[in-house]
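Residue-level structural notes
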Amino acid sequence: MKAVTTSVQQQTRKLKRERNFWRTAIRNKYLYMMSLPFIIWVFVFSYYPLWGWTMAFQKYKPAKSFGEQDWVGFDQFKTLFQDDTFYLVMRNTLAMSFMGIIAGFAVPIIFAVLLNEVRSMAFKRFAQTISYLPHFVSWVVVAGIVTKMLSADHGTVNEILMWLGLIDQPIQFLAHGHYFWGIITISDVWKEMGWNTIIYLAAIAGISQEMYEAARVDGANRIKQIWHITLPGIRSTIVILLIMSIGHLIQIGFEKQFLLGNNLVRDYSQVLDLYALEYGLQLSRYSFGTAVNIFNSVVSIILLFTANGLFKKITKESIM
Amino acid sequence: MNQISKWSSLALSTTLVAGLLAGCGSNNNNEDNAASPDTSSNTGTESAAPEDTSPLTLTYYSEDPSPNWANMQDEIGKNLTEKTGITLDAEFAVGDAVQKSSLIAASGEYPDLISAKQSIAKFVDAGAVLDLTDLIDKYAPNLKKLFEGNMSRLRYSDDDHAIYVIPSYNGIGQEYFNAGGGFELQHRVVKELGYPQIRTVADYEKAIKDYLALHPKDENGNPNIGLTLNADDWHMYISVTNPAFLATGGSDDGEFNINVDTQEVTYHFRRPEEKEYFKWLNHMNAEGLLDPESFVQKYDQYKAKIASGRVLGLIDQDWDYGDGEKALKAEGKFEYGYGHYPVTMSEDIKEASFWPTGFMAGSGVAISVDNPDPVRTIKFLDYLASDEGQVLMNWGIEGKHYNVVDGKRVIPQEVNDRKINDATNFTKETGIGLYNLLSGHYGDGVKDPSGNYYTTNFPEQIEAGFNDVEKEVLKAYNSTTWKDLFPKEEEFKIKPWGAAWNIPVPGDSEAVVIEKKLTDITWKRIPEVILAKPADFDKIWDAYQQELVKADVEKAESIREDLVKARVKLWNE
């Protein structure tokens, strides 16, 4: 009897909530209508393509209708997990991703804090502009610059090292696999550092000046101010960006690796997206490519939720 | 970083959408398929009526880039549009052409004319191209005449005798008058050393070594480079791996070596002879004669290096390094240009660059099921294959680009000079050379009914094209062209299968993935063995061979062998 009443109560509550929803919806109909295009946009570009995931369970052939395709269950995934190359590729992807996250967070934050401490406005502006310009240069050009600089044939880096007497033979940086991850990380930092700094500078600008004044009155020196005011002030920005980039951990793209890699460093340069391209699309194995993509998305979702949950627990910051 | 991953996921989603569209699009294709025979029979009854030259724009996709394409606004293009009413809206693949073809094949929206070389298999699998057998029979007398005796070679496969492609890459009766491959040495090297014989890798190495000892630096103080290789992406085949079989007496069958008598197929890196070739390259590296950047440099760096004139030796094809050499010629540094030598491991091995294949059908133009008017399209292609059309494509317009003097076609001196020295602009303005891959045609060395050659490549013309330094070097070697140095076609037995790289592998064959794996292994291991310490060479080579076996190389060989045998049957029955 009691159970029935509670369920009835729940139902009425649910009904009421629904009625409330429709009432608010009608009241705010213009706002809802304004958001409609974006919902359609998201649906068309993010959800509708998910239908294509069915390909991963087929032996897909172009120009055959959906009904005519061969269904093969999890065969494509089995092939994927049985391939040695896949594990090598995962290792490279994760390694470069982690290195990228560590450097890609530490450097812009330090740079932003340092810029913030600069007194001369003119110099600050100058440094900021110069540092974010590389962001607008395409990877193709950056790869060209990096290759030239690291060249053993009058490359700048080798010339400097030789001049300093650190080495007596030019080093073929791009010919050694174990340098590759580092080169990728450093060139990525060089290209994106200034751009990523902007967001932290904006967050720092949002910190009230009164806090700094109060700290100064209490006798805090500049280091103490940074540690106790600036960094905690931008903590939520840092955490949110970190959660998002953990979600993208295995989706690191392939431009850098593709453009800077060569056959000698193949074991270190091949990444998941490149693998999906070479062993999927280029060989017309559309189903296999889709399977890699699904794997990619599933892992990303898991990572995203884990990171989000962890940070929610530890720092009480989260994006959901 | 966020930015990039967004783009990559967008790219992947686009692919998925494209795939979906392909699924939806198939119905339309079937309709078109059903519709085309109607159109052909309709026009068939009216064929007595004057030719339809109303404007018609056809889309055209080609897997080969054509950087000088002028949207048919060149002189030949205007002429063609005037004669046939057809304008081509062309798209040329840039970058990874095979991938581009895959995408188009998957999209379900096909260009009207498709020239996709080996990727045509993807279009055939997708049902995207028309069977041209009847169209050729009814509307294309010139094509029929052109391919007479070779019609069985046009058929797609042993299981599918349809004709999907009009072969346009290989000319009928093609003769080669000049060599563009082999091993290259700068003219200044052989000249300074008193024209030594360059026949074996030892001769080649000695020439480079001796010259470097005399001139370690160029006039600007930069070190001269002994030998550089071009290993950026697919150039790896041309400059690193193909020379391995050429220098050991094998002919070009892609990644395989095929016994001409038994048709036994071997992955060519497994031949013991080739181990010796790579050992020699390893030795070149150890001696410091090989450019240490060979496997790191990108294609543009390679070309820039050649254009600097510092590179003494190359192992490449002229079309691959030509841009660099052109820059040198434009500066008048003719002695920095390259000569071609038939270098092999030892003198008893014949360099097989000119091993004859017979007429090679396969790569060419196909008409898609989306084509609005297949009949007019085939007539257009037929016009290009006619005597008039071929002379127009190759020679240009009479009175403008050539004159007929005493029944002979002659290119006026000033036109020829522009053709050689201002090639890009000349091509853009006149269109000469832009239309040759559009339809079937005769090869170099074939004469038309008027007794003139169809193409402008014939011995006299080629000899006239050599610069003075080249002529001097050739004379010193008692030759008139580079080809004279190479073994002749007649010395080899014709390969009844053409060439293995020209045999399409079915898209769902296991061989596709195995061969991709093999290429990955080879492209990684070959640079490694070349750059290894000579003492480690054998160890790494053995590890490489074992890796190949582990990757199922034997299975790939047996699949290829079946394909080769099927091709021999198809072409020779």
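Residues numbered from 1 in each chain as written. Chains lettered and ligands numbered in written order. Predicted model: local features only at pLDDT ≥ 70, side-chain atom pairs only at ≥ 80, totals over all residues. Heavy atoms only, no water.

**Considerations on the overall build of chain A**
Here is the rule we go by: Only DSSP runs of H or I covering at least 4 residues are called helices, and only runs of E covering at least 2 are called strands; the numbering of each starts at the N terminus. The reference for a compact globule is 2.2 Å times residues^0.38; the radius of gyration itself is calculated from the C-alpha atoms. Partly exposed residues are those whose accessible area sits between 20% and 50% of the maximum for their type, while under 20% is buried and over 50% is exposed, using a 1.4 Å probe and protein chains only. Per-residue and other accessible areas follow the Shrake-Rupley method at a 1.4 Å probe size, with only the shown protein chains counted as cover for residues. Positive charges come from Lys and Arg, negative ones from Asp and Glu, while His and the chain ends are left out of the count. Note on charges: their place is set at NZ of Lys, CZ of Arg, CG of Asp or CD of Glu.
Counting its regular elements, chain A contains 15 helices and two strands. Over its C-alpha trace chain A gives a radius of gyration of 26 Å, far above what one expects of a compact globule, namely 20 Å for 320 residues. A burial count over chain A gives 43% of its 320 residues as buried. Surface accessibility of chain A: about 18,700 Å² in total, with carbon and sulfur atoms responsible for 68%. Each charge class in chain A can be summarised by its mean position, and for the 29 positive and 20 negative side chains these summaries are 17 Å apart.

**Quick look at the side chain of H401(B)**
To keep it simple, the criterion reads: Contacts are assigned to residue pairs with any non-hydrogen atoms lying within 4.5 Å of each other.
Here H401(B) is to be found in the loop between α15 (387-395) and β12 (403-405). Those residues within four positions of H401(B) in sequence are excluded, and the remaining contacts are E75(B), W395(B), G396(B), I411(B), P412(B), V415(B), T430(B) and I432(B).

**Section: the sheet that holds strand β2 (residues 86-92) of chain B**
Residues and elements named next belong to chain B. Quick reminder of the rule: DSSP bridges decide pairing: two strands pair if at least two such bridges lie between them.
Reading across from one edge, β2-β1-β3-β11-β4 is the order of the five strands in this open sheet, with mixed pairing throughout. In this open sheet, the two edge strands, each paired with only one partner strand, are β2 and β4 (166-167). Where β4 meets strand β11 (residues 364-367), two bridges bridge the pair, whose relative direction is antiparallel. Its bridge partner being in β11, P167 is matched across the sheet by G364.

**Brief notes about the pairing of β11(B)**
As paired elements, strand β3 (residues 113-115) of chain B and β11(B) share three bridges and run antiparallel to each other. By the bridge assignment for β11(B), I114(B) is matched with A366(B).

**Some points on the domain arrangement of chain B**
Size of an interface, as often reported, equals the accessible area lost when the parts are brought together. Residue and element names in this part refer to chain B. Note the following rule: For each domain, the first and last residues come from an automatic or database assignment. Buried area: the accessible surface (1.4 Å probe) lost by two parts on joining, summed over both. When a carboxyl oxygen of Asp or Glu is within 4 Å of a side-chain nitrogen of Lys or Arg, the pair counts as a salt bridge. For this analysis, a polar contact is any N or O atom pair within 3.5 Å, provided that within protein one partner can donate a hydrogen and the other can accept it, and provided that sequence-adjacent residues contribute only side-chain to side-chain pairs. Three classes are used, and their members are as follows: Ala, Val, Leu, Ile, Met, Phe, Trp, Tyr, Cys and Pro are nonpolar, Asp, Glu, Lys and Arg are charged, and the others, Gly among them, are polar.
As far as domains go, chain B holds domain 1 (26-43 + 55-174 + 361-395) and domain 2 (183-353 + 468-572). Here the C-alpha centroids of domain 1 and domain 2 sit 33 Å apart. On the side of domain 2, 11 residues touch domain 1, which itself brings 13 residues to the contact. The largest contributions to the domain 1 side of the interface with domain 2 come from Q118, R153 and D158, which together make up 52% of the buried area. Counting across the interface, domain 1 meets domain 2 through one salt bridge. A salt bridge links K569 to D158; its shortest N-O distance comes to 3.1 Å. Our enumeration of links across domain 1 and domain 2 arrives at six residue pairs in polar contact (both at pLDDT 80 or more). Taken together, the residues of the side of domain 1 that touches domain 2 sort by class into three nonpolar, six polar and four charged.

**Describing the nonpolar core**
Residue and element names in this part refer to chain B. Under the convention used in this document: As used here, the term nonpolar core means buried Ala, Val, Leu, Ile, Met, Phe, Trp, Tyr and Cys residues forming a set that is joined through side-chain atoms within 4.5 Å.
If you look at the biggest cluster of nonpolar residues, it comprises 115 residues, and the most contacted ones within it are Y204, F278 and I526. Per element, the largest residue contribution to this core is nine residues, and it comes from helix α20 (residues 510-531). Once you skip the residues sitting within four places of it in the chain, Y204 turns out to touch F183, E184, L185, I198, L227, W280, G313, L314, I315 and V343.

**Notes on the interface of chain A and chain B**
Taken together, the contacts link 55 residues of chain A with 49 residues of chain B. The junction of chain A with chain B conceals about 4,400 Å² of combined surface from both sides, 59% of it contributed by carbon and sulfur atoms. For the interface between chain A and chain B, the tally reads four salt bridges. K516(B) serves as the salt-bridge partner of E278(A), at 3.6 Å between the closest nitrogen and oxygen. Of all the elements in the fold, those that place two or more residues in the side of chain A that touches chain B are α4 (84-117), α6 (139-150), α12 (255-260), α13 (266-269), α14 (272-279) and α15 (286-315) of chain A. Considering every element that reaches the side of chain A that touches chain B, the biggest residue donor is α14(A), with four residues. Each residue belonging to the side of chain A that touches chain B can be placed in one class, and the counts come to 23 nonpolar, 19 polar and 13 charged.

**Quick look at the pattern of salt bridges**
Inspection of every chain in the model, using the stated rule, returns 44 salt bridges over all chains. Of the charged contacts in the structure, one is a salt bridge between D520(B) and R266(A), with a shortest N-O distance of 2.9 Å. One end of the pair, D520(B), is in helix α20; the other, R266(A), is in helix α13, on a second chain. Residue classification places R266(A) among the buried positions, given a relative accessible area of 13%. Via salt bridges that share partners, D267(A), K524(B), R525(B), E528(B) and E547(B) belong to a single interconnected network.

**So, the domain arrangement of chain A**
Residue and element names in this part refer to chain A. Examined at the domain level, chain A breaks down into domain 1 (2-71) and domain 2 (75-315). The centre of domain 1, based on its C-alpha atoms, is set 35 Å off from the matching centre of domain 2. Counting from both sides, the interface comprises nine residues of domain 1 and, opposite them, nine residues of domain 2. Taken together, the two surfaces of domain 1 and domain 2 that pack against each other cover about 720 Å², and 71% of this comes from carbon and sulfur. On the surface where domain 1 and domain 2 come into contact, there are zero salt bridges. The interface formed by domain 1 and domain 2 includes four residue pairs in polar contact (both at pLDDT 80 or more). Among the residues forming the side of domain 1 that touches domain 2, the class breakdown is six nonpolar, two polar and one charged.

**Re unusual backbone geometry**
All names here are of chain B. Of note, K117 is a non-glycine position whose phi angle comes to about 45°, a positive value. Looking at where K117 falls in the secondary structure, it is placed in the loop between β3 and α4 (120-125). With phi around 50°, D233 is a residue other than glycine that occupies positive phi space. Residue position: D233 is located in the loop between β6 (225-228) and α10 (235-246).

**A closer look at α15(A)**
The following threshold applies: Expected span of a helix: the number of residues minus one, times 1.5 Å.
Between its first and last C-alpha atoms α15(A) spans 43 Å; for 30 residues at 1.5 Å apiece the expected length is 44 Å, and the two agree. Immediately downstream of α15(A), the backbone of K316(A) shows phi near 65°, a positive value.

**Description of the packing of aromatic side chains**
Quick note on the threshold: Two rings belonging to Phe, Tyr or Trp (six-membered ring only in the last case) form a pair when the distance between their centres is within 6.5 Å. Interplanar angles under 30 degrees mark stacking, angles over 60 mark edge-to-face geometry, and anything in between is tilted. For a Lys NZ or an Arg CZ to count as sitting over a ring, it must be within 6 Å of the ring centre and within 35 degrees of the ring normal.
One pass over the structure, following the stated rule, counts 54 aromatic pairs over all chains. Where Y156(B) meets Y164(B), the ring centres are 5.4 Å apart and the plane angle is 80°; that geometry is what we call edge-to-face. Like Y164(B), Y156(B) is buried. Ring geometry for Y277(B) versus F278(B): centroids 5.5 Å apart, planes at 75°, classification edge-to-face. By relative accessible area, Y277(B) is classed as buried at 0%. Put simply, the rings of F183(B), Y204(B), F256(B), Y267(B), F269(B), Y277(B), F278(B), W280(B), F537(B), W541(B) and Y544(B) pair up and form one aromatic cluster. Here the guanidinium or amino end of K350(B) rests over the ring plane of F492(B), the centre of that ring lying 5.6 Å away. Looking at K516(B), its charged tip hangs above the ring of Y279(A), at a distance of 5.5 Å from the centre.

**Digging into the sheet that holds β6(B)**
Residues and elements named next belong to chain B. Worth spelling out the cut-off: Note on geometry: axes are lines fitted to C-alpha atoms, helical ones only across the stretch in contact, with angles between N-to-C directions running from 0 to 180 degrees.
Strand order in the open sheet formed by four strands is β6-β9-β5-β10, with mixed pairing between adjacent strands. The outermost strands of the open sheet, each flanked by one partner alone, are β6 and β10 (338-341). Averaged over neighbouring strand pairs, the angle between their axes works out to 20° when direction is ignored. Pairing of β6 with strand β9 (residues 311-315), which is carried by three bridges, proceeds in the parallel orientation. What sits directly across from I225, in β9, is V311. The sheet strands contacting helix α9 (residues 201-214) are β5 (183-186), β6 and β9, and the helix crosses β9 at an angle near 160°.

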